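Below are the chains, spelled out letter by letter.
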Amino acid sequence: MVTYETDGQDAYKVRLSIKTALGANAYEWNESEQFLFRATLAFAMRKYTGQETFNVSSVIVCDETPRVSFWFVVTNPNNTATLIPKNAVEEAVRLSRNRINSAFLLSDKTLQFLGIPPTLAPPSQPSLPVWLIVFGVVMGIVTTGILALIIIGFIQRKKKEKTIEDEDEEEKQERIMENGISCETLEGKDGVNNGAYSHDEDRLTQL
């Protein structure tokens, strides 16, 4: 029987926090769950290597603890005495990390492969196409610019009209003021009669 060192260079430790993740809906870790883990690892190795030779028996689990932690190694299907290098196992786990997590309803924080960095969350996809968002932004800028031009033109036109009215008023005031005497005062009266000339006009009329 071949024995494997749990702390060897090609072994990985796994820690699961099922109760932390699922609370009252937490399931019990048992032989069936361990079988599922080994099956998902075999699937990950098949997907990474493209070889159909990996099976559940290729994944060896040992040193399991009640708090659900254990070590595992992956053996070479063609030679069970040979272990798959650690870097290959790491790449396989990273490639299928989401599928492994989903199988146990856990996440990178509650299903930890110690020594393998967590996978990055996939970038969120916007609900609208990027081109539509860009088009909306451009149209918003153009519309804002047009409105600004209209408002500025209206303000300038009002200022111009006000300036013309002020100039007309000043010109009118200049026309009605001559030598400091308001012509409007004179134009609004019939004139002033001279008494001397009035008597002469009467005498000439009688003649």
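Rules used in this analysis
- Residues numbered from 1 in each chain as written.
- Predicted model: local features only at pLDDT ≥ 70, side-chain atom pairs only at ≥ 80, totals over all residues.
- Heavy atoms only, no water.
- UniProt positions renumbered as here; feature names shortened; annotations may be inferred.
- Helix = DSSP H or I, 4+ residues; strand = E, 2+ residues; numbered from the N terminus.
- Buried < 20%, exposed > 50% of the residue type's maximum accessible area, 1.4 Å probe, protein only.
- Contact = heavy atoms within 4.5 Å.
- Areas by Shrake-Rupley, 256 points an atom, 1.4 Å probe, with all protein chains shown as cover.
- pLDDT = per-residue confidence, 0-100.
- Phe/Tyr/Trp six-rings, centres within 6.5 Å; stacked < 30°, edge-to-face > 60°.
- Core = buried A, V, L, I, M, F, W, Y, C linked by side-chain atoms within 4.5 Å.
- Pairing = 2+ DSSP bridges.
- Axes fitted to C-alpha atoms, helices over the stretch in contact; angles between N-to-C directions.
- Parallel < 35°, antiparallel > 145°, perpendicular 65-115°, else oblique.
- Nonpolar A, V, L, I, M, F, W, Y, C, P; charged D, E, K, R; others polar.
- 1 Å grid on protein atoms, 1.4 Å probe; cavity = no way out; pocket = protein on both sides within 12 Å on 5 of 7 lines; lining within 4 Å.
- Points joined across faces, edges and corners; volume = space filled by probe spheres on them.

As annotated in an unreviewed UniProt entry, the chain is Collectrin from Acipenser ruthenus. We quote the UniProt Subcellular location (unreviewed entry) comment for the chain here in full: "Cell membrane".

Participant: Whenever I open this one, the overall build of the chain confuses me. Can you help?
Facilitator: Broken down by element type, the chain carries seven helices and seven strands. Tracing the chain from N to C terminus, the helices and strands come up as β-α-α-β-β-β-α-α-β-α-β-β-α-α. For the chain, the residues scored as buried account for 23% of the 207 residues in total. The long-range share in the chain, meaning contacts at least 24 apart out of those at least 6 apart in sequence, stands at 56%. For the chain, the accessible area works out to roughly 15400 Å², and carbon and sulfur atoms hold 56% of it.

Participant: Honestly, the confidence of the model for the chain in this entry has me stumped. Any pointers?
Facilitator: A low pLDDT means the predicted coordinates there should not be read in detail. The predicted model of the chain averages 81 in pLDDT, with 71% of residues at 70 or higher. Per-element confidence in the chain is highest for helix 2 (residues 31–49), whose mean pLDDT is 96, and lowest for helix 6 (residues 183–187), whose mean pLDDT is 49.

Participant: Help me understand the packing of aromatic side chains in this model?
Facilitator: Given two aromatic rings, one states the distance between the centres and the angle between the planes to describe the pair. Applying the stated criterion to the full structure yields eight aromatic pairs. Ring geometry for Phe37 and Phe104: centres 6.3 Å apart, planes at 45°, overall tilted. Placement of the pair is Phe37 in helix 2 and Phe104 in the loop between helix 4 (97–103) and strand 5 (111–114), with a sequence separation of 67 residues. An angle of 85° between the planes, with centres 6.1 Å apart, marks the rings of Phe72 and Phe113 as edge-to-face. Placement of Phe72 in strand 3 (residues 69–76) and of Phe113 in strand 5 is noted, with a sequence separation of 41 residues between them. Assigned by exposure class, Phe72 and Phe113 land together as buried.

Participant: Help me out: how do you make sense of the nonpolar core in this one?
Facilitator: In a soluble, globular protein the nonpolar side chains are often hidden away together inside. Counting residues in each nonpolar core, the largest one holds 28 residues, and the members touching the most others are Leu16, Phe37, Phe72 and Phe113. Not counting chain neighbours up to four residues away, the residues in contact with Phe72 comprise Asp10, Ala11, Tyr12, Val14, Phe37, Leu41, Val59, Ile60, Val61, Val89 and Phe113.

Participant: Looking at this structure, I do not really get the pairing of strand 5. What am I missing?
Facilitator: Each regular strand carries side chains that alternate between the two faces of the sheet. Burial of strand 5 is one-sided: the residues Leu111 and Phe113 facing one way are buried, the residues Gln112 and Leu114 facing the other way are not. Sheet topology places strand 1 (residues 12–16) next to strand 5; four bridges connect them, and they run antiparallel. By the bridge assignment, Val14 is partnered in strand 5 with Phe113.

Participant: Mind showing me how you'd approach the packing of helix 2 against helix 3 (residues 86–95) here?
Facilitator: The relative placement of two packed helices comes down to the angle between their axes together with the axis-to-axis distance. Direction vectors running N to C along helix 2 and helix 3 enclose 100°, while the axes themselves pass 8 Å from each other. Taken as axis vectors, helix 2 and helix 3 run roughly perpendicular relative to one another. Residue-level inspection shows Leu41, Ala44, Met45, Lys47 and Tyr48 of helix 2 in contact with helix 3, the latter providing Ala88, Val89, Glu91, Ala92, Val93 and Leu95. Here the residues of the contact of helix 2 with helix 3 are counted per class, giving nine nonpolar, no polar and two charged.

Participant: Explain the layout of surface pockets here, please?
Facilitator: Counted as a void, the largest pocket has a volume near 310 Å³. Around the largest pocket, the lining comprises 16 residues; the ones closest to its centre are Leu16, Ile18, Pro66, Arg67 and Val68. With three residues, the top contributor of residues to the lining of the largest pocket is helix 1 (residues 18–22). When its residues are assigned to classes, the lining of the largest pocket shows seven nonpolar, four polar and five charged.

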